[in-house]
Each structure stands twice: as C-alpha cells, then as structure tokens.
Amino acid sequence: GVTNAINLSDGLDGLAGGIGLLCFCCIGYLAWLTGNRSVGLMAVALAGCIFGFLRFNTHPATVFMGDAGSQFLGFSAASLSISLTQGDTALSPLLPLIILGFPILDTNTVMLTRIARGGSPFVADKNHFHHNLLGLGLRHPEAVLTIYVLQTLLIVSAVRIRFHSEWLLLAGYLAFSGLVLGL
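Let me sum up the structure you'll find in this document.

Some details on the environment of Phe75
Next up, step 1: With respect to the element layout, Phe75 can be found in helix 4 (residues 66–85).
Next up, step 2: Distance in space between the C-alpha atoms of Phe75 and Thr3 is 4.7 Å, their sequence separation being 72 residues.

Following this line, the structure appears as structure tokens:
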C-alpha cells in the first residue's frame with residue numbers, strides 16, 4: 001500500500017521526492033538513536049540520493065522520477081520503517097503509520113472518494129490533495145511546500161512520540177487526518 005501511496009503522490013514536481021527525503025531522514029535519525037546501523041545507513045544513503053535528485057526535480061523539473069522510482073521509494077520507506085520498529089526495540093510498532101502518514105492519508109482519501117461516487121478506486125482522477133491545493137489557487141511550489149509542511153509535522157511528531165503507546169499514536173494520527181480533511 002505504501003509503495004502505491006508514494007507513487008500516487010508523484011503528481012507534482014518534487015513532491016514524492018521531498019516526502020521521501022523527509023521520511024528517510026526521520027528513519028535514519030531514529031535508527032541512529034536506537035543503534036540500528038544497517039537501517040540507518042540505508043536510510044541516509046537514500047536521503048542523499050533524493051537530495052541530489054531534487055536539485056533537478058523541483059519545479060520546473062528537468063528530470064522525472066517515474067513509476068519505478070516512486071515505487072522504489074515507497075517500498076524502501078515501508079521496509080525500512082517496519083524493520084526499524086519491529087523486533088527488540090522500544091519504538092512503537094505503529095510508528096511507520098506516522099512517518100508515512102501523509103501519502104497514506106492521501107491515497108485512502110482518494111480511493112474512498114472514488115468508491116463513494118460509485119467509481120472504481122483504481123481509475124485516475126484529479127482528487128489528490130495536491131490537485132485540490134492547486135484548485136484552491138495555490139501555485140505549484142506553494143502546493144508542494146504545503147504538503148512538505150504537513151509531512152514535516154508528522155515527522156516531528158513521530159520523533160517526539162516514538163516511545164508512546166499505539167493508542168496515542170493512532171489517536172494522534174486520526175486527529176491529524178481529521179484536521180487535514182476538515183481544512
């Protein structure tokens with residue numbers, strides 16, 4: 001699901017890459033805090049790759065990621081965040097939901113909207129958050145920055161509440177989701 005969620009967020013220049021960069025920086029930092037060197041090294045390496053890529057992928061982009069790149073980022077982010085939080089660790093096992101929260105929220109919202117309208121959840125449309133932000137009159141860089149800010153809020157929250165109970169993490173994510181959907 002996360003593999004597809006990152007792929008679906010690749011609708012504006014720099015969006016999927018920036019979200020991936022934020023996620024991998026968080027995963028790398030949490031891996032460093034917990035002493036998980038292998039996950040940390042992979043996360044930092046991927047963050048470095050994305051950082052260099054974003055130089056050419058920000059608006060107006062001259063290089064594009066494509067489905068293979070965005071799906072690789074999604075799979076890697078999901079795999080590394082699950083590897084980091086499962087097993088013998090004090091980190092909450094629900095932390096991947098917070099780290100990858102915005103793409104997950106966007107994908108679930110779009111698919112549920114499609115189903116509610118009687119359509120297939122797999123037929124493309126223009127109902128993603130980035131499309132809605134553009135529809136509200138934001139320019140391309142402003143829409144991307146808005147989503148970066150929302151994802152950053154989730155990343156900071158993930159670091160701050162990394163040891164708390166699953167119920168607190170779930171309640172916090174649901175509150176965030178309700179606030180974003182309400183706005």
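Back to the write-up after that little detour.
A word on the pattern of salt bridges
Next up, step 1: Enumeration over the complete set of coordinates arrives at two salt bridges.
Next up, step 2: When the shortest N-O distance is used, the salt bridge between Arg114 and Asp125 registers 3.0 Å. Of this pair, Arg114 sits in helix 6 (residues 101–116) while Asp125 sits in the loop between helix 6 and helix 7 (129–135), and the two are eleven residues apart along the sequence.
Next up, step 3: The closest approach of N and O atoms between Arg139 and Glu142, which form a salt bridge, is 3.6 Å.

Details of the side chain of Thr109
Next up, step 1: Relative to the elements of secondary structure, Thr109 occurs in helix 6.
Next up, step 2: A polar contact is formed between the side chain of Thr109 and the backbone oxygen of Leu105, at a distance of 2.7 Å.

Digging into the packing of aromatic side chains
Next up, step 1: Taken as a whole, this structure holds two aromatic pairs when the rule is applied.
Next up, step 2: With centroids separated by 6.0 Å and ring planes inclined at 35°, the aromatic side chains of Tyr29 and Trp32 adopt a geometry described as tilted. One end of the pair, Tyr29, and the other, Trp32, are both in helix 2 (residues 15–34), three residues apart, so they sit about a helical turn from each other.
Next up, step 3: Its relative accessible area of 64% is what places Trp32 among the exposed residues.
Next up, step 4: The ring centre of Phe56 lies 5.2 Å from the NZ or CZ of Arg55, which sits over that ring.

Points about the side chain of Asp13
Next up, step 1: Tracing the backbone through its elements, the reader meets Asp13 in the loop between helix 1 (2–8) and helix 2.
Next up, step 2: One buried charged residue, Asp13, forms no salt bridge at all, with the nearest opposite charge on Arg55 at 12 Å.
Next up, step 3: Not counting chain neighbours up to four residues away, the residues in contact with Asp13 comprise Asn57, Thr58, His59, Pro60, Ala61, Phe64, His140 and Val144.

Remarks on helix 2
Next up, step 1: With 20 residues, helix 2 ought to run about 28 Å at 1.5 Å a step, and its terminal C-alpha atoms sit 29 Å apart, in line with that.
Next up, step 2: Counting buried positions over the 20 residues of helix 2 gives 14, a clear majority of the element.
Next up, step 3: A positive backbone phi angle near 80° is found at Gly35, which sits one or two residues after helix 2.

Remarks on the packing of helix 6 against helix 8 (residues 140–160)
Next up, step 1: In contact at an axis separation of 8 Å, helix 6 and helix 8 are set at 120° when each is read in the N-to-C sense. Relative to helix 8, helix 6 is oriented oblique. Contacts from Gly101, Phe102 and Pro103 of helix 6 reach helix 8 at Ile147, Leu150, Gln151 and Leu154.

Observations concerning the state of the cysteines
Next up, step 1: Applying the stated criterion across every chain yields a total of zero disulfides.
Next up, step 2: Among the cysteines around Cys23, which has no disulfide bond, Cys26 carries the closest sulfur, lying 7.5 Å off.
Next up, step 3: Looking at the unpaired Cys25, the closest cysteine sulfur is the one in Cys26, lying at 8.8 Å.
Next up, step 4: Classification of Cys25 by relative accessible area gives partly exposed; the value is 43%.

Criteria and thresholds
- Residues numbered from 1 in each chain as written.
- Predicted model: local features only at pLDDT ≥ 70, side-chain atom pairs only at ≥ 80, totals over all residues.
- Heavy atoms only, no water.
- Helix = DSSP H or I, 4+ residues; strand = E, 2+ residues; numbered from the N terminus.
- Salt bridge = Lys/Arg side-chain N within 4 Å of Asp/Glu carboxyl O.
- Polar contact = N/O pair within 3.5 Å; in protein donor to acceptor, adjacent residues only side chain to side chain.
- Phe/Tyr/Trp six-rings, centres within 6.5 Å; stacked < 30°, edge-to-face > 60°.
- Buried < 20%, exposed > 50% of the residue type's maximum accessible area, 1.4 Å probe, protein only.
- Lys NZ or Arg CZ within 6 Å of the ring centre and 35° of its normal.
- Lys, Arg positive; Asp, Glu negative; His and termini not counted.
- Contact = heavy atoms within 4.5 Å.
- Expected span 1.5 Å × (residues − 1).
- Axes fitted to C-alpha atoms, helices over the stretch in contact; angles between N-to-C directions.
- Parallel < 35°, antiparallel > 145°, perpendicular 65-115°, else oblique.
- Disulfide = S-S within 2.5 Å.

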